[in-house]
Amino acid sequence: MHNLLSSSNLKFSSAFLLCIILISCQNSADKRSPTDGRKVSSVEQVTFIDVDTVNILTPHKIHLTRLYAQDNYGINDYRITSPKMVVIHYTAIPTLDETLRYFKPDSLNASRKKIIKKSPLNVGVHYVIDKDGSIYNLLPDSIMGRHILGFNHIALGIENVARDSSELTVEQLNSNVKLVKYLSNAYPSMQYLIGHQEYDDHTLPHYTLLKADDPNYQPYPKPDPGADFLEKLRLKLNDDYDLVFEK
């Protein structure tokens, strides 16, 4: 297990081990579900993912999330019942400590002037991956996080600690691969894998899932995590697990 930042003021719960037992299907050919674009390998592997828990969820944050979902998605619920998308980000924050401190508050930092008008709910993500590949779980997969405009009702988010794409590491790439594989096995509904930079691309299949009840919905360009990291991630998912998602 990884030691959790003894210098931080945050209180961490004990680390836990997610063990994914992936069933081997030796006698079946490669198959593609008729309802999604994922290709599932005929021979799966056993994967162990070491994950530390950092609980940022409070009753007030749940309340704000419910209001956010009502106002922006027309949904009277704070939960994700059927995740369909994994979204890859980088934090634009240089360290894990700073990243966790940024996500912990219930309410959004006043400096986020572009989005604070839509909701006081703080931005939030399900997983953070440090530069050494350590994975931290911040929100339960069943709780909506505020990390991608128009798609939070169906998306699980993975943040990588880095100021920009040049700081992303091989260790982070490998952990993203394992985590995405885990999520794919945990949620058969998972269909799409995108980078934040792709969220507003009208030509990609995932865009049909957009919900924007607010008539003032205004997407804006995002650079994360960068084309090179996304390409390597998709290639490695295919090479290691024969796993292909739609975009």
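Residues numbered from 1 in each chain as written. Predicted model: local features only at pLDDT ≥ 70, side-chain atom pairs only at ≥ 80, totals over all residues. Heavy atoms only, no water.

### Here's the deal with the overall build of the chain
Convention followed: Numbering of helices and strands runs from the N terminus; a helix is a DSSP stretch of H or I covering at least four residues, while a strand is a stretch of E covering at least two. Here's how the labels work: a residue is buried when its accessible area is under 20% of the maximum for its type, exposed when over 50%, partly exposed in between, all with a 1.4 Å probe on protein chains only. Working rule for contacts: check all heavy atoms of both residues, and any pair within 4.5 Å makes them a contact. All accessible areas in this document rest on Shrake-Rupley with a 1.4 Å probe, and a residue is counted as covered only by the protein chains that are shown.
Broken down by element type, the chain carries 4 helices and 9 strands. For the chain, with 247 residues in total, the buried portion stands at 51%. Considering only intrachain contacts with a sequence separation of at least 6, the fraction spanning at least 24 residues in the chain is 74%. Of the roughly 11,700 Å² of accessible surface on the chain, 52% is carried by carbon and sulfur atoms.

### Here we look at helix H1 (residues 59-73)
To be explicit about the condition: In a helix, the anticipated span is given by 1.5 Å times the number of residues less one. In this context, the arc is that of the directions from the helix axis out to the C-beta atoms.
Between the first and last C-alpha of H1 there are 20 Å, a value that for 15 residues agrees with the 21 Å anticipated at 1.5 Å per step. Those residues of H1 that sit buried are Lys-61, Leu-64, Thr-65, Tyr-68, Ala-69, Asn-72 and Tyr-73. With its buried residues spanning 140° around the axis, H1 presents them on a single face. Within H1, the exposed residues directed more than 90 degrees away from the buried face are Pro-59 and Asp-71. A positive backbone phi angle near 65° is found at Gly-74, which sits one or two residues after H1.

### Looking at the confidence of the model for the chain
Threshold: Per-residue confidence from the predictor is given as pLDDT, running between 0 and 100.
Confidence in the prediction for the chain averages 84 pLDDT; 81% of positions are at 70 or higher. Taken together, the stretch residues 1-44 has pLDDT below 50 and engages in 96 contacts with residues farther than four places along the chain or on a different chain.

### Considering the packing of aromatic side chains
For clarity, the threshold we go by: Each pair of aromatic rings taken from Phe, Tyr and Trp, with Trp reduced to its six-membered ring, is defined by centres within 6.5 Å and is described as stacked if the planes are under 30 degrees apart, edge-to-face if over 60, and tilted in the remaining cases. By the criterion adopted, a ring carries a charge over it if an Arg CZ or a Lys NZ lies within 6 Å of its centre and within 35 degrees of its normal.
Within this structure, the stated rule accounts for 3 aromatic pairs. Taking the centre distance of 5.7 Å and the plane angle of 75° together, the rings of Tyr-68 and Tyr-73 count as edge-to-face. Just above the ring of Tyr-220 sits the side chain of Lys-114; from NZ or CZ to the centre is 4.8 Å.

### Let's talk about unusual backbone geometry
A cis amide bond links Asp-224 to the next residue, Pro-225, at an omega of 0°. Mapped onto the elements of the fold, Pro-225 is located in the loop between strand E9 (192-195) and helix H4 (227-241). Notably, Asp-242 is not glycine yet its phi reads approximately 55°, a positive angle. Its place among the elements puts Asp-242 in the segment after H4.

### A look at the packing of helix H3 (residues 170-186) against H4
Pairs of packed helices are described in terms of their axes, by the angle between the two and the distance that separates them. The condition that has to hold: Lines fitted to C-alpha atoms define the axes here, with helix axes fitted over just the stretch in contact, and angles between the N-to-C directions of these axes take values from 0 to 180 degrees. Small angles under 35 degrees read as roughly parallel and large ones over 145 as roughly antiparallel, with 65 to 115 read as roughly perpendicular and the rest as oblique. Should the near helix be turned counterclockwise from the far one by less than a right angle, the crossing is left-handed, whereas a clockwise turn marks it as right-handed.
Two numbers describe how H3 lies on H4: the axes approach to 10 Å, and their chain directions differ by 55°. The angle between the axes of H3 and H4 places the two elements in the oblique class. For H3 against H4, the interelement crossing comes out right-handed. Between H3, through Gln-172, Leu-173, Asn-174, Asn-176, Val-177, Lys-178, Val-180 and Lys-181, and H4, the contact on the second element is made entirely by Phe-229, Lys-232, Leu-233, Lys-236, Leu-237, Asp-240 and Tyr-241.

### Brief notes about the side chain of Thr-99
The line we're drawing: As used in this structure description, the phrase polar contact means that two N or O atoms lie within 3.5 Å; if the pair is within protein, one of them must be able to donate a hydrogen and the other to accept it, and residues adjacent in sequence are counted only when both atoms belong to side chains.
One can find Thr-99 in helix H2 (residues 96-103). By relative accessible area, which is 0% here, Thr-99 ends up buried. Within the local environment of Thr-99, its side chain forms a polar contact with the backbone oxygen of Thr-95, the two atoms lying 2.8 Å apart. For Thr-99, the contacting residues outside a window of four places in its chain are Thr-91, Ile-93, Val-128 and Val-161.

### Comments concerning the pairing of strand E5 (residues 85-90)
Operational definition: Being paired, for any two strands, means DSSP has found at least two bridges between them.
Most of E5 sits inside the fold, with 6 of its 6 residues counted as buried. Across the two faces of E5 the burial is the same, with Met-85, Val-87 and His-89 and Val-86, Ile-88 and Tyr-90 all buried. Relative to strand E8 (residues 155-160), E5 runs parallel, the two sharing 6 bridges. Residue pairing in the sheet places Val-86 in a bridge with Leu-156 of E8. Relative to E9, E5 is paired through 4 bridges, and the arrangement is parallel. Directly across from Ile-88, in E9, lies its bridge partner Gly-195.

### Focus on the nonpolar core
Operational definition: In this description, a nonpolar core means a group of buried Ala, Val, Leu, Ile, Met, Phe, Trp, Tyr and Cys residues linked to one another through side-chain atoms lying within 4.5 Å.
Core analysis: the biggest nonpolar cluster contains 33 residues, and Ile-158, Leu-183 and Leu-237 have the highest contact counts within it. Looking at this core, the elements with two or more residues in it are strand E4 (47-53), H1, E5, strand E6 (127-129), E8, H3 and H4. At 6 residues, the largest contribution of residues to this core is made by H3. Listed in part, the 14 residues of the second largest apolar core include Leu-96, Tyr-136, Leu-138 and Val-161.

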